[in-house]
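The chain contents come next:
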Amino acid sequence: MTQPDESETIRQAGAVARIQDVLRAAADRDLIDPRAAMAEMNELAAEFSDVPQVRTLAEAALSGLGLAAGLPIGDTSTIRAALANLGELAADDPDVAPMLAMMPNYLDALLVQQDGDTETALAMLSDMLAQAGDLQPGNPLREAMAEVAPMLAAMRAAADEEHPKVPVAGPGSTDAMRAFHLVARGGMAMRQGAEKDLTKIDAGIKDLRAAVTLTPDDHPDHVFQLASLALGLTHRAEVGGSLADVNEAITVLEEARKLAGGAAHPHWSFVNTMLAELRQRRGEAAPHRLAALEGLRGYTWRVLLQPDPASARAVARGAAEEAIASARRCLVAHQPADALRALDAGRGLMLFAATELRDPYTRLTEAGHRDLAAQWSATKHPPPLLREQVLEVLVGDTGLLDPPDLDEVQDALRQLGVDALVYLVPAEPPAPGWAVIAPAEGPPRYLALPHLAIEEGTDVERYLTAMASRGAGLVREVELVDSDQFAGSIDALCGWAWKAAMGPLLKPYLGAERVPRLVLIPMGDLARVPWQAARSPDGTYAVERVALSQAASARMLCATAAAEPVRLTSGGMVLADPDTGGRAVDLHSARLEAYAIHQVFYPGATYVGRRPDGNVSRSGAGTADDVRSWLRADGGQAGTMLHLASHGVMETARVSASSRLCLAGGDLTADELIDAMTKADRHPVGLVVLAACHTGRSIHGYDEAYSLGTMFLAAGARSVLSTQWSIPDQDTSLLMYMLHHFLVIEHCSPWDALRRAQMWMLDGDRRAPQHMPVPLRRMLEKTEPARVVSWAGFVHWGQ
């Protein structure tokens with residue numbers, strides 16, 4: 001191996017020394033511009049790409065600086081690889097090797113913390129502390145962890161609302177490090193709002209004031225220090241009743257807001273949310289609402305910044321909670337338009353991010369940032385700093401962070417022929433729930449709904465419990481759907497849904513000359529309620545009085561309305577019960593359903609999967625590649641309708657969260673579908689029918705509406721029909737056949753065809769159309785009308 005010459009050795013040593021200087025400054029909290037330091041580490045990694053020791057050290061430093069700057073962690077494969085390389089280089093060093101071996105555990109703790117589970121993260125760090133204690137005396141890792149131990153113990157005590165003993169900064173500490181310890185001590189003195197002793201609160205505020213004086217305005221910690229001081233003053237105002245503390249807290253937050261600069265700052269939402277609450281307390285309605293909406297813009301930025309959905313879950317959850325809280329405050333002030341904007345600002349953000357940043361190359365190029373576009377295209381997992389730079393370009397003056405205003409929403413409603421968009425907000429007793437309504441014409445309005453509560457022992461709570469107990473596995477079978485617990489809970493739920501929401505909501509529309517059409521956006525667990533099955537006291541279901549669709553958000557509704565309609569043709573793709581190799585049970589009725597739909601309504605469509613006799617179609621076995629190929633095929637020949645009669649699977653674990661179709665040879669996930677549909681050469685898709693279980697259930701929390709069905713919609717499909725639960729095989733087959741009858745034979749739009757098919761299922765005198773094949777007619781003779789589980793699980797999205 002060729003040895004570097006002396007000048008090259010000096011150059012490498014200088015690079016290593018510079019990396020160490022930057023890391024030392026970061027450890028002392030003396031790094032004023034972390035992003036400039038990250039850019040420098042990135043340049044060093046590129047400059048020494050052929051020198052593993054230097055490159056690996058620079059990459060590890062880059063990742064560490066990103067963590068220190070508050071950038072999302074996301075995919076940790078790069079930093080783990082860098083740590084592994086360093087571990088190999090330092091395998092014989094008894095001081096360094098244990099530290100590198102423990103770093104993956106530290107990353108795991110950070111991921112847990114990012115997901116909002118502070119208690120578990122602290123426990124994981126405590127375990128690391130115990131492991132370090134087993135090292136030999138004098139080991140640097142043991143000594144470093146010993147220094148951290150008092151602060152970690154204090155954090156655990158504060159989390160348990162105990163009185164923590166916070167250590168002071170050691171001798172020789174920088175001002176920034178002293179400020180860090182003072183903020184920790186001052187903040188923990190409040191015991192997460194549990195402290196009532198004014199003497200202890202005063203001492204905490206004194207520490208917080210001292211911390212603010214120790215760092216300059218441009219220090220990365222300064223905004224957080226100001227916000228911490230404002231939080232302490234707010235707590236003292238709550239305990240002591242001092243308006244002066246409220247006024248000072250507002251002044252401090254205004255300064256923090258000015259220094260933060262905008263939504264890209266990691267503490268923008270925290271500062272504005274607190275400011276909104278304090279301004280409301282002081283009776284300043286308009287400034288309060290403005291601050292609340294600004295805070296929600298920060299959440300949108302942070303969700304867009306995350307490198308993957310799993311990383312965004314905690315941020316999105318916080319956004320939804322704050323959106324509902326802000327909307328409630330707006331409604332108390334009789335401002336439904338602001339409530340609508342607040343709700344939409346915290347709704348469907350992960351779905352929005354998944355499509356908005358899927359492929360920004362063209363937009364970056366058009367904006368004159370070809371180098372940035374090339375960097376984005378060159379990496380499979382863009383690092384946080386690159387994502388931040390791309391976002392800064394894309395946001396610009398485009399309003400990317402802002403939800404649509406009322407005029408935009410009303411234009412979309414008129415384009416779609418919808419009478420109103422309705423947000424349903426659950427009650428938080430003693431406060432009522434709300435219906436916040438954006439009509440196609442006229443001013444917005446709202447209804448207080450006191451019964452719209454999910455409390456223990458209520459019909460809706462029993463239904464949600466029954467649904468949760470059934471899981472989200474590979475099911476499209478009558479046995480599970482017909483379980484007494486689930487069927488009984490749905491029946492009771494129907495009456496509750498009318499009383500709690502649909503009865504008051506539909507009252508102005510009853511008696512109209514035509515069937516009214518509403519689009520619902522139910523918040524939280526309300527998204528799992530089959531609102532079309534709400535039953536009035538006279539036994540009539542909502543579906544018989546009104547046409548209901550759902551939307552992921554008003555933002556996505558506007559995008560759907562703006563898309564050019566796509567006409568259905570006799571072509572398309574029909575996928576029927578693919579052979580999953582034993583991963584799921586066979587769906588005999590689904591084969592009959594799909595084959596009949598293909599033969600009668602779409603003779604020009606591609607039929608993949610299994611035929612009614614169990615043989616595999618010559619056109620394909622029903623694999624993920626079959627679906628991807630059709631999505632990317634020429635639209636003129638491929639057709640515009642996709643009908644998927646198969647199993648659906650939903651997993652919600654952080655690492656493996658996915659909604660997917662179970663196909664022959666493997667699964668097809670929602671993310672893979674977006675990749676396939678966002679290719680430039682794909683053909684337009686007019687309708688996707690997901691006759692599979694759980695295709696409408698969100699995997700990242702119900703306010704995210706991040707499901708297989710909505711991913712199709714976000715990727716450009718004009719209309720999607722998806723399911724809320726494990727659907728019965730035989731009854732679903734009848735419903736699906738009649739859906740396509742109304743689409744093709746009676747030329748109904750998708751939302752109207754679904755409603756008519758559901759009403760046909762309810763009709764005790766229903767008759768089979770002449771073209772219904774004999775096997776389906778036999779099914780009809782064996783089924784009972786008006787079984788809610790048979791028809792109410794399907795929901796329409798889109799045009």
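Preceding block: the structure.
Procedures and definitions
- Residues numbered from 1 in each chain as written.
- Predicted model: local features only at pLDDT ≥ 70, side-chain atom pairs only at ≥ 80, totals over all residues.
- Heavy atoms only, no water.
- Buried < 20%, exposed > 50% of the residue type's maximum accessible area, 1.4 Å probe, protein only.
- Helix = DSSP H or I, 4+ residues; strand = E, 2+ residues; numbered from the N terminus.
- Pairing = 2+ DSSP bridges.
- Salt bridge = Lys/Arg side-chain N within 4 Å of Asp/Glu carboxyl O.
- Arc of directions from axis to C-beta.
- Contact = heavy atoms within 4.5 Å.
- Polar contact = N/O pair within 3.5 Å; in protein donor to acceptor, adjacent residues only side chain to side chain.
- Expected span 1.5 Å × (residues − 1).
- Phe/Tyr/Trp six-rings, centres within 6.5 Å; stacked < 30°, edge-to-face > 60°.
- Lys NZ or Arg CZ within 6 Å of the ring centre and 35° of its normal.

Okay, the pairing of strand 4 (residues 517-522) next. Counting buried residues along strand 4, 6 of its 6 residues qualify, which places the element largely inside the surrounding structure. Pairing between strand 1 (residues 420-425) and strand 4: 5 bridges, direction parallel. Note on strand 4: the bridge partner recorded for Leu-424 is Pro-522.

Right, let's talk about the pattern of salt bridges for a bit. For the structure on display, the rule yields 33 salt bridges. In this structure, Arg-328 engages Glu-428 in a salt bridge whose closest nitrogen and oxygen atoms are separated by 3.7 Å. Of this pair, Arg-328 sits in helix 14 (residues 309-332) while Glu-428 is found in the loop between strand 1 and strand 2 (433-439), placing the two residues 100 residues apart along the sequence. Take Arg-328: its relative accessible area is 16%, and that puts it in the buried class.

Here we take up helix 20 (residues 406-416). By the burial criterion, the buried members of helix 20 are Val-409, Gln-410, Ala-412, Leu-413 and Leu-416. Considered in projection along helix 20, the buried side chains sweep an arc of 160° and stay on one side of the axis. Of the exposed residues in helix 20, those oriented more than 90 degrees away from the buried face are Asp-407 and Gln-415. Where the residues of helix 20 are buried, they touch strand 1, strand 2, strand 4 and helix 24 (554-562). The distance from a side-chain oxygen at the start of helix 20 to the backbone nitrogen of Asp-407 is 3.2 Å, and the residue carrying that oxygen is Asp-405. Downstream of helix 20 by a residue or two, Gly-417 has a phi angle that is positive, lying close to 70°.

Turning to the pairing of strand 13 (residues 719-723), a few remarks are in order. The side chains of a regular strand alternate, residue by residue, between the two faces of the sheet. Among the 5 residues of strand 13, 5 are classified as buried, and the element is accordingly described as predominantly covered. Alternating positions in strand 13 separate into two faces, Ser-719, Leu-721 and Thr-723 on one and Val-720 and Ser-722 on the other, with burial throughout. Judged from the 3 bridges that link them, strand 12 (residues 687-690) and strand 13 form a sheet pairing that is parallel. Counterpart to Val-688 in the pairing with strand 13 is Val-720. With 5 bridges joining them, strand 13 and strand 14 (residues 794-798) adopt antiparallel strand pairing. Bridge pairing in strand 14 places Thr-723 opposite Phe-794.

Here we take up helix 10 (residues 222-240). When the terminal C-alpha atoms of helix 10 are compared, their 27 Å separation across 19 residues agrees well with the 27 Å that a helix rising 1.5 Å per residue should span. Of all 19 residues making up helix 10, 14 are buried, and the element is well covered by its neighbours. Trailing helix 10 by a residue or two, Gly-241 shows a phi angle of about 75°, which is positive.

Glancing now at the packing of aromatic side chains. Aromatic ring pairs are described here by two measures, namely the spacing of the ring centres and the angle between the planes. A full pass over the atoms with the stated rule returns 5 aromatic pairs. Both rings, one in Trp-496 and one in Trp-531, keep their centres 5.9 Å apart while their planes meet at 35°; by these two values the pair is tilted. In this pair, Trp-496 is assigned in helix 23 (residues 484-506) and Trp-531 in the loop between strand 4 and strand 5 (547-550), connecting sequence segments 35 residues apart. Each member of the pair, Trp-496 together with Trp-531, is buried. Relative to Tyr-607, the ring of Tyr-595 has its centre 5.6 Å away and its plane inclined at 90°; by these criteria the two rings are edge-to-face. With Tyr-595 in helix 25 (residues 588-601) and Tyr-607 in strand 7 (residues 606-609), the pair connects residues that are 12 residues apart, well separated along the chain. The aromatic ring of Trp-760 is capped on one face by Arg-766, whose charged end is 5.2 Å from the ring centroid.

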